[in-house]
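Spelled out, the chains give:
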Amino acid sequence: MAWGCSLYLALAGGAVLALLVQVLRWLRADGDLTLLWAEWRGKKPENELRGKVVWVTGASSGIGEELAYQLSKIGALLAISARREDELERVKKKCLQISSLDEKDILVLRLDLTDRSSHEAATNSVLKHFGKIDVLVNNGGRSQRSLFVDTNLDVYSAIMELNYLGTISLTKHVLNHMIQRKKGRIVTVSSVMGIMGAPLASGYGASKHALQGFFNCLRTELTDYPNISIINICPGPVQSKIIQNVFTENLAKSIENSGDQSHKMPTDRCVRLILVSTANDLKEAWISDHPYLAVCYLWQYAPTWAWWLMNKMGKRRIQNFKSGVDADASYSRKKK
Ligand SMILES: NC(=O)c1ccc[n+]([C@@H]2O[C@H](COP(=O)([O-])OP(=O)(O)OC[C@H]3O[C@@H](n4cnc5c(N)ncnc54)[C@H](OP(=O)(O)O)[C@@H]3O)[C@@H](O)[C@H]2O)c1
Ligand SMILES: *[C@@H]1O[C@H](CO)[C@@H](O)[C@H](O)[C@H]1NC(C)=O
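Owing to the predicted nature of the structure, the values given are computational and were not obtained by experimental measurement. (Residues numbered from 1 in each chain as written. Chains lettered and ligands numbered in written order. Predicted model: local features only at pLDDT ≥ 70, side-chain atom pairs only at ≥ 80, totals over all residues.)

With that settled, the discussion passes to the overall build of the protein chain. For the protein chain, the helix and strand inventory stands at eleven helices and seven strands. Since a compact globule built from 336 residues should have a radius of gyration of about 20 Å, the 20 Å found for the protein chain is in line with a globular shape. Its C-alpha atoms give the protein chain principal-axis dimensions of about 65 × 45 × 40 Å. When burial is assessed residue by residue, the protein chain has 43% of its 336 residues classed as buried. (Helix = DSSP H or I, 4+ residues; strand = E, 2+ residues; numbered from the N terminus. Rg over C-alpha atoms; globule rule 2.2 N^0.38 Å. Buried ≥ 20, exposed ≤ 12 C-beta atoms within 10 Å, placed from the backbone.)

Okay, the UniProt feature "transmembrane region" (unreviewed entry) in the protein chain next. As annotated in UniProt, the feature "transmembrane region" (unreviewed entry) corresponds to residues 6-27 in the numbering used here. Secondary structure across residues 6-27 comprises 95% helix and 0% strand; the distance between its end C-alpha atoms is 31 Å. (UniProt positions renumbered as here; feature names shortened; annotations may be inferred.)

For the rest of this paragraph, the subject is helix α7 (residues 153-181). Compared with an ideal rise of 1.5 Å per residue, which puts 29 residues at 42 Å, α7 spans 41 Å between its outermost C-alpha atoms and is within 8% of the ideal. The largest bend in α7 is about 35°, located at E161. Turning to α7, the residues buried within the fold contact β1 (53-57), α6 (119-130), β4 (135-138), β5 (184-189), α8 (202-221) and β6 (228-235). K182, located one to two residues past α7, shows a positive phi value of around 60°. (Expected span 1.5 Å × (residues − 1). Bend = angle between axes of the 7 residues up to and from the residue. Contact = placed C-beta atoms within 7 Å.)

So, about the packing of α6 against α7. If you want to describe how two helices pack, look at the angle between their axes and the distance between the axes. Contact geometry of α6 with α7 gives a least axis separation of 9 Å together with a crossing angle of 40°. Compared by their axis directions, α6 and α7 come out oblique. Crossing of α6 against α7: the hand is right-handed. Residues H119, E120, T123 and L127 of α6 pack against S169, L170, H173, V174 and H177 of α7. For the contact of α6 with α7, the class distribution of residues is three nonpolar, five polar and one charged. (Axes fitted to C-alpha atoms, helices over the stretch in contact; angles between N-to-C directions. Parallel < 35°, antiparallel > 145°, perpendicular 65-115°, else oblique. Left-handed = near helix turned anticlockwise from the far one by under 90°. Nonpolar A, V, L, I, M, F, W, Y, C, P; charged D, E, K, R; others polar.)

With that settled, consider the site of ligand 1. The immediate surroundings of ligand 1 are formed by 31 residues, with G58, G62, R83, G141 and S240 found nearest. Per-element accounting of the shell around ligand 1 gives the leading share, three residues, to helix α4 (residues 62-74). Tallied by class, residues from the shell around ligand 1 come to eleven nonpolar, 14 polar and six charged. (Near = placed C-beta within 6 Å.)

Residue placement: P266 occurs in the loop between β6 and α9 (267-279). For P266, a count of 14 C-beta atoms within 10 Å corresponds to the partly exposed category. Distance in space between the C-alpha atoms of P266 and S240 is 8.6 Å, their sequence separation being 26 residues.

So this is what it looks like as structure tokens:
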């Protein structure tokens, strides 16, 4: 009897999952269902973010750079940070060309996330310039391409210093200000690697899991401040310089061949969905093409089955990496 019951449950569960995955494919979904609903019916970033002060870290490249462009077009006031000031000046120049913002509406602020002693002064500089911070986008970070057995422990330490401790350090200073105002949004660009696991990025996955755990706990400490939102964004593979900039087996080595990135989700689509998530205060948003999006659902609802699939996908990922193409190159239908 019990056996029959479990069998029926497993079959029913499988059927529901298969149907969900089919519906997601049919919808050509590139975000979770709440997010797609918010894009269709929810608040528009144009209305919610115009005139708001938004501080974006990691704005010199990739997702952060595109965030600066889309936010400037919407009419948000921007503080843009990263280590490379010349790149930030380039981004600012383009923002001024494509938007109606003035010179003083964009503050270029050099910031090293790993230099935690500088974070209070940096926060004060933004406050001095704009008088408030409405949105902090914790976007700066680096990924990893190396197997644990080959990798020096210093790399794990450096990834945590940057992705995890750097992010929560900056958050601490900005949150003080938001608590005084009883208002604000903290958007953190985590990753699908913050909710699942895959080979070649154990340190990166750990740092993103740490961020997810941290912000999920922090959110529950802020129930007296309903107007402060904690927004966790989980993108799958997106076009950017992330692979060029990855950590490898040791801190001195950079990646030899980053491979073609064109099969990944376009940066502008990912950023649009980040802004929709922000405007609608979504607590967690999955932004990804298939098969990763479908795997997120599987991971959430049937983790043991997800392992079976992930081990199959993971083997391909390691083979791809070792043969010098992008680790995720084989899963995309857009590939040549
Ligand atoms: N692309 C993807 O597939 C993907 C998927 C999921 C999540 N994400 C996440 O998205 C975020 C942005 O990455 P991306 O894809 O846009 O990669 P990217 O093109 O390499 O950009 C990374 C940004 O982080 C900044 N950064 C690196 N080290 C820093 C430090 N010590 N202090 C301050 N800033 C630092 C870089 O600027 P400087 O070098 O000038 O400091 C750069 O602006 C990351 O958190 C990443 O984990 C990306
Ligand atoms: C939250 O914001 C709304 C709308 O601005 C406001 O009416 C409400 O008083 C705020 N709540 C708190 C606890 O600050």
